[in-house]
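Now for the letters of each chain:
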Protein chains: 2
Amino acid sequence: MNALLITSAEENYLKAIFKIAEKDPGAVLTNALAAEMGTSAASATDMLKRLSDKKLVVYEKYRGVKLSEAGNRIATNLIRKHRLWEVFLVDKLGFAWDEVHDFAEQLEHIQGEQLTERLDDFIGNPRFDPHGDPIPDAQGKWLRRTQTRFLTLASGQRGIITGVDDHSPGFLQYLGELGLGLGAELELLERTAYDQSSKVRIGAHHAVLSEKVGQNLFVRIL
Amino acid sequence: MNALLITSAEENYLKAIFKIAEKDPGAVLTNALAAEMGTSAASATDMLKRLSDKKLVVYEKYRGVKLSEAGNRIATNLIRKHRLWEVFLVDKLGFAWDEVHDFAEQLEHIQGEQLTERLDDFIGNPRFDPHGDPIPDAQGKWLRRTQTRFLTLASGQRGIITGVDDHSPGFLQYLGELGLGLGAELELLERTAYDQSSKVRIGAHHAVLSEKVGQNLFVRIL
DNA sequence: AAATATTTTTAGGCTTGTCTAAAAATAAAA
DNA sequence: TTTTATTTTTAGACAAGCCTAAAAATATTT
């Protein structure tokens, strides 16, 4: 049925298309895709033709591309596997949330439905990965969740960290140093109008978060 | 230092060379390697030239090949990872010993020393995999172990299953049905001279093992 | 030792996934 | 609207891994 052979490279392109489309479905253009993949525009065009031949994307020359039903299924499953492995690496092997991306990037390509499902059970069927990103279920269904950008918090409001928009080790490590892991509670004491920096209380102590940090933090308002 | 890029295909050839050499170091010839890899002799020759260029093997045209120091290190580490993942799959995810080979075949190529070592700790630093094969340590050291072929047992002797020489799912499943897992105890009641078949007692009940089964079973004599 | 058989290597091709340079299409500016 | 700039595609190459068919080397028979 569905056993057409997909290479890791093809999977990675599908995932990149998914990622770009997530923010703006109209922005999946050759250059953006090449940038996301770290390849040349020529290579991206090349791959788009292959993916189109395999009916994994709908591709119109010069116009951009979108995932087909089948392509979307593959990309979603890839993200599912990536995030399940991340949970495993953090919860079971004790890695920090900024250390797991490269491993998960490899592990997501391991084939075998049974393995994925048993892994899911073993780690307790988590709905979110260590960065707060949702994990689609085996049918590709996403759990929608209401989270707010930290910058929308008003003075005096409290919130719980539910996710990050920047997954770079540098940002994650910095948050860790501030005591801001997933599930951490913080209170916005004051926001400086001039530079959108935020004075916050994290447990017993205070800190100042720059606008850049604020932009990349999601919270659930308490 | 040691970060020269090795592809999965190259790793697989190194592992195949190791495997053939294990039984007979002089038998690592092009045809044997091609057979082991399921490729043509021409492809094997091709790869041997590449591996030779990378100093991973010592290759003499028409004469056969052997692993270099570096090649041996890579092959050993690959086997280490393969067997550690097998233990994980059986002990933690609950797979049967005949189900894990294909998954481990993929997982062994995951790069990252830290991952391997944390996995090793997580599963309790096992010395043997689910088939009784030894797991080399992080330095590539092998634990030597005394095990005997079942066929060397004399009537009346008892033994504990310590390993198998045939890893095919068919054989492993058959053993499972007989109640002959790793660590199982059995007693040789009688061996038929004509066909080397063996009447055995396994716990409370009796069974007859063909010569073929007997050849592929290792035991520790009690 | 010469003839025959087997094994191994070479030669030439194909696909995937990449590249650079040039051409073509689209978008923006004058 | 015509020119200029940008984006995208095409053309031609290359390395990795595989193939088949033919040639060369080694091993076996007679």
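Counting starts from 1 at the beginning of each chain's written sequence and moves along it residue by residue. Whichever chain is written first is A, and whichever ligand is written first is 1; the rest continue in order. Totals for whole chains, interfaces and linings use all residues, but because this is a predicted model, local features are given only for residues with pLDDT of at least 70 and pairs of side-chain atoms are given and counted only at 80 or more. The basis for every side-chain value is the complete set of heavy atoms in the structure, and neither hydrogens nor water enter the calculation.

Let's shift gears to the packing of aromatic side chains. Here a Phe, Tyr or Trp ring, Trp counted by its six-membered ring, pairs with any other such ring whose centre lies within 6.5 Å, and the pair is stacked when the planes are under 30 degrees apart, edge-to-face when over 60, and tilted otherwise. In the structure shown here, the tally under the stated rule is 11 aromatic pairs over all chains. Their ring planes at 20° and their centres at 5.9 Å tell us that Phe18(B) and Trp142(B) sit as a pair that is stacked. Of the two residues, Phe18(B) sits in helix 1 (residues 8-23) while Trp142(B) sits in the loop between helix 6 (113-122) and strand 3 (148-149), which places them 124 residues apart along the sequence. These aromatic residues form a ring-pair network of at least three members: Trp85(A), Phe88(A), Phe122(A), Trp85(B), Phe88(B) and Phe122(B). Sitting over a ring, as applied to charges here, requires NZ of Lys or CZ of Arg to be within 6 Å of the ring centre and within 35 degrees of the ring normal. The positively charged end of Arg191(A) is found above the aromatic ring belonging to Phe150(A), 5.4 Å away from the centroid. The positively charged end of Arg118(B) is found above the aromatic ring belonging to Phe95(A), 4.3 Å away from the centroid. A run of DSSP states H or I qualifies as a helix once it reaches four residues; a run of E qualifies as a strand once it reaches two. Both are numbered from the N-terminal end.

Size of an interface: often given as the accessible area lost when the parts come together. Residues and elements named next belong to chain A. Source of the domain bounds: an automatic or database domain assignment. Domain boundaries assigned for chain A yield domain 1 (8-67), domain 2 (79-137) and domain 3 (148-221). Here domain 1 and domain 2 have C-alpha centroids that lie 25 Å from each other. What counts as buried area is the accessible surface, traced by a 1.4 Å probe, that two parts surrender upon association, with contributions from both included. Roughly 450 Å² is buried in total at the junction of domain 1 and domain 2, and carbon and sulfur atoms are behind 42% of that figure. If you sort the residues of domain 1 by the area they bury against domain 2, Glu11, Asn12 and Lys15 come out on top, with a joint share of 76%. When a carboxyl oxygen of Asp or Glu lies within 4 Å of a side-chain nitrogen of Lys or Arg, that pair is called a salt bridge. At the boundary of domain 1 with domain 2, the tally comes to two salt bridges. Measuring nitrogen to oxygen at the nearest pair gives 2.8 Å for the salt bridge that ties Lys15 to Glu108. Pairs of N or O atoms within 3.5 Å make up the polar contacts considered here, provided that, within protein, one atom can donate a hydrogen while the other can accept it, and that residues adjacent in sequence are counted only when both atoms are side-chain atoms. In this assembly, domain 1 and domain 2 are joined by five residue pairs in polar contact (both at pLDDT 80 or more).

Here the focus is the relation of the copies chain A and chain B. For this overlay, a least-squares fit was computed on C-alpha atoms, restricted to residues scoring pLDDT of at least 70 in both copies. Between chain A and chain B, which share one sequence, the superposing operator has a rotation angle of 180° and an axial displacement of 0.0 Å; the RMSD is 0.1 Å. The transformation just described matches what one would write down for a two-fold rotation axis. Relative to the rotation axis, the C-alpha of Leu107(A) is the closest in chain A, positioned 3.8 Å from it. Only heavy atoms matter for contacts: two residues are in contact if any of them lie within 4.5 Å across the pair. Mapped onto chain B, 100% of the interface residues of chain A are again interface residues, and the two copies thus contact each other with one and the same surface.

With that out of the way, let us pick up the sheet that holds strand 8 (residues 217-221) of chain B. Residue and element names in this part refer to chain B. What the six strands build is an open sheet, ordered 3-8-4-5-6-7; its pairing is antiparallel. At either end of the open sheet lies a strand with only one pairing partner, and these are strand 3 and strand 7 (205-209). Think of it this way: DSSP has to see at least two bridges between two strands before they count as a pair. Sheet analysis places strand 6 (residues 198-202) next to strand 7, joined by five bridges and oriented antiparallel. Each residue of the ladder has a partner; that of Ile202, found in strand 7, is His205. Simply put, an axis is a line fit to the C-alpha atoms, just over the touching stretch for a helix, and the angle between two N-to-C directions goes from 0 to 180 degrees. Across the sheet, helix 7 (residues 169-178) lies against strand 4 (158-164), strand 6, strand 7 and strand 8, angled at about 155° from strand 7, the strand it touches most.

The interface is formed by 19 residues belonging to chain A together with 19 residues belonging to chain B. Summing the contributions of chain A and of chain B, the shared interface buries around 1,700 Å²; its carbon and sulfur component is 72%. Seen at the junction of chain A and chain B, the total is zero salt bridges. For the interface between chain A and chain B, the tally reads six residue pairs in polar contact (both at pLDDT 80 or more). For the side of chain A that touches chain B, the leading source of residues is helix 6 (residues 113-122) of chain A, giving five residues.

This part takes up the sheet that holds strand 7 (residues 205-209) of chain A. All names here are of chain A. Taken in spatial order, the six strands of this open sheet run 3-8-4-5-6-7, and their pairing is antiparallel. The open sheet is flanked by strand 3 (148-149) and strand 7, the only strands paired with a single partner. Strand direction decides the pairing type here: strand 5 (residues 185-191) and strand 6 (residues 198-202), joined by four bridges, are antiparallel. Residue pairing for strand 6: Leu188 is matched across the bridge by Val200. Contacts from helix 7 (residues 169-178) reach strand 4 (158-164), strand 6, strand 7 and strand 8 (217-221), with the element oriented near 155° to strand 7.

The nearness test applies per residue and asks whether one of its heavy atoms lies within 4 Å of the molecule or strand. Taken together, 24 residues form the shell around DNA strand C, and within it Thr7(A), Ser43(A), Thr30(B), Tyr59(B) and Lys61(B) come nearest. Within 4 Å of the protein, the contacting atoms of DNA strand C are drawn from sugar and phosphate to the extent of 85%. Note that a sugar or linking oxygen of DNA strand C is positioned 3.4 Å from one of the side-chain N or O atoms of Arg63(A). Between DNA strand C and the protein, one listed contact pairs a phosphate oxygen with a side-chain N or O atom of Thr45(B) at 2.8 Å. Looking at the surface near DNA strand C, the elements that each hand over two or more residues are helix 1 (8-23) and helix 3 (41-53) of chain A together with helix 2 (30-37) and helix 3 (41-53) of chain B. Of the residues that constitute the surface near DNA strand C, the class distribution is 10 nonpolar, eight polar and six charged. Each residue gets one of three labels, nonpolar for Ala, Val, Leu, Ile, Met, Phe, Trp, Tyr, Cys and Pro, charged for Asp, Glu, Lys and Arg, and polar for the others, Gly among them.

Once that is clear, we can look at the protein's contact with DNA strand D. Residues in close proximity to DNA strand D total 24 residues, the closest being Thr30(A), Tyr59(A), Lys61(A), Thr7(B) and Ser43(B). Among the atoms of DNA strand D lying within 4 Å of the protein, the sugar-phosphate backbone contributes 83%. Between Thr45(A) and DNA strand D, the recorded distance is 2.8 Å, taken from a side-chain N or O atom to a phosphate oxygen. A distance of 2.3 Å separates a phosphate oxygen of DNA strand D from a polar side-chain atom of Lys61(A). Contributions of two or more residues to the surface near DNA strand D are made by helix 2 (30-37) and helix 3 of chain A together with helix 1 and helix 3 of chain B. Sorting elements by how many residues they give to the surface near DNA strand D places helix 3 of chain B first, with five residues. Counted by class, the surface near DNA strand D contains 10 nonpolar, eight polar and six charged residues.

Residue and element names in this part refer to chain B. One ladder, built from two bridges, connects strand 3 with strand 8; its direction is antiparallel. Residue Arg149 lies in a different strand from strand 8, and its bridge partner there is Phe218. Here strand 4 runs beside strand 8; their pairing, made up of five bridges, is antiparallel. Pairing of Gly163 across the sheet is with Phe218, part of strand 8.

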